[in-house]
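Letter by letter, the chains look like this.
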Amino acid sequence: MISRRIASRGVAVLLATATALPAAGTAMASPAAGVPAARARTAGPAVATPVPPAPAPAPELVPGVAPRPGQPWQIDTPDQALPPTVYTPSAEEDAVEPKAAAPGAYDLIEYVPLSDAVTKVACSKQTGPYQRQVERWLRLKVDGKQSAADCKAIRAFQIAYKIKPAIGFAGPVTWSTMMLVSARKNPNAAKKCPVRSYKVACVDLDRQLTWVQKGSQVVFGPVPMRSGRLGHVTRKGWHTVYWRHKNHWSTLYNQPMPYAQFFDGGEAFHGVYGSIYTTVGSYGCVNLKLGDARTLWDVLKKGDRVYVWGRRPGT
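Let me begin by describing the structure that accompanies this report. Note on numbering: residues in each chain are counted from 1, in written sequence order. Where totals are concerned, whole chains, interfaces and linings use all residues; where local detail is concerned, this predicted model gives features only for residues with pLDDT of at least 70, and gives and counts side-chain atom pairs only at 80 or more. As a rule here, side-chain values come from all non-hydrogen atoms in the structure, and water together with hydrogens is ignored.

Here, the term nonpolar core denotes a set of buried Ala, Val, Leu, Ile, Met, Phe, Trp, Tyr and Cys residues that are joined through side-chain atoms within 4.5 Å. Only protein chains enter the area calculation, which uses a 1.4 Å probe; residues under 20% of their type maximum are buried, those over 50% are exposed, and those in between are partly exposed. With 28 residues, the main nonpolar core has Val134, Val173, Cys193, Cys202, Leu209, Trp211 and Trp309 as its most contacted residues. Residue assignment for this core shows that the elements contributing at least two residues are strand S2 (111–112), helix H6 (148–160), helix H7 (172–183), strand S3 (199–204), strand S4 (209–214) and strand S11 (305–309). The leading source of residues in this core is H7, at six residues. Whether two residues are in contact is decided by their heavy atoms, any of which lying within 4.5 Å being enough. In this view, Trp211 contacts Pro187, Asn188, Cys193, Val200, Ala201, Cys202, Asp204, Val218, Phe220, Gly221, Pro222 and Trp309; residues no more than four positions away in its chain are not counted. Among the nonpolar cores identified, the runner-up in size contains 22 residues, and Ala201, Phe263, Ala293 and Val306 belong to it. Helix and strand definitions follow DSSP, with helices as H or I runs of at least four residues and strands as E runs of at least two, each counted in order from the N terminus.

Now the structure itself:
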């Protein structure tokens, strides 16, 4: 669960964003290129060419549904940035299961522009940060510009997969859900995760998915994940699970890291008690929903291999 201090900081960030946004209809106009300002003020009316809005920057988006106890304003869940102190947990410690996540903690709440969230629009007219990817997945015209047809198709997908608010905005939750749906039958169709006779935990930064395969058989997943943010990207290449700690607690950030399986320094698979679809990533760890982290705990063991490739969007 996110701390009250971090939650307050998140609300402050959202309020700051709200006050920084211009009011609707008050966008400032600038003189045409090459026309002096004095002349521009006295020039006659010109035919205005509609300029499509630029995609909304992902870091400026907010949850489109107001928070509740199980869905706090969650900017990020801090992770262990430094290698942990390795020791052998006692049988008594391992017998304790991490606490369950609150109801609604993993609801699919899309991140949308603040203006859309405040006015509760039925269908967003704004271009999302994943507009082109979503258009391509839905087999729409791929132009990176929101249209009425785009909104209708995106909204239908969001309703089908219970993404809220279903307003047709091409945000990170919609895109991530599409990646998961398309990967379910064969996550390694592109053969980017090496096939070995032993188990390999595959971490696909491009699609923000992880799974475990042994040979060509998938024995876990794929499941959605959250990897490292800009400046703290999850390290690529081969790694090895070197320490597992079911009830790990980050001494650096004073935050729980349930079912932690460390594979490179302070980077680990572990569960989080809130959304993994935030617009920024972790501090390097592979964040999972608690249930997925618990299942992965039973699939992997010390010495199993991990392979990481790709690039998280935005990094």
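Moving on from the model shown.
Bringing the pairing of strand S8 (residues 255–264) into the picture now. On a regular strand, each side chain points to the face opposite its neighbour's, so the side chains alternate between the two faces of the sheet. The element S8 is largely enclosed, with a buried count of nine among its 10 residues. Strands pair, by our definition, only if DSSP identifies at least two bridges between them. Judged from the seven bridges that link them, strand S7 (residues 243–250) and S8 form a sheet pairing that is antiparallel. Bridging across to S8, Asn247 finds its partner in Pro258. Where S7 folds back onto S8 in an antiparallel hairpin, the turn is made up of four residues, including Asn254, whose phi is positive at roughly 55°. One ladder, built from three bridges, connects S8 with strand S9 (residues 267–272); its direction is antiparallel. Counted as the bridge partner of Asp264 is Glu267 from S9. The antiparallel pairing of S8 with S9 creates a hairpin that spans two residues between the two strands, and Gly265 there sits at a positive phi of about 60°.

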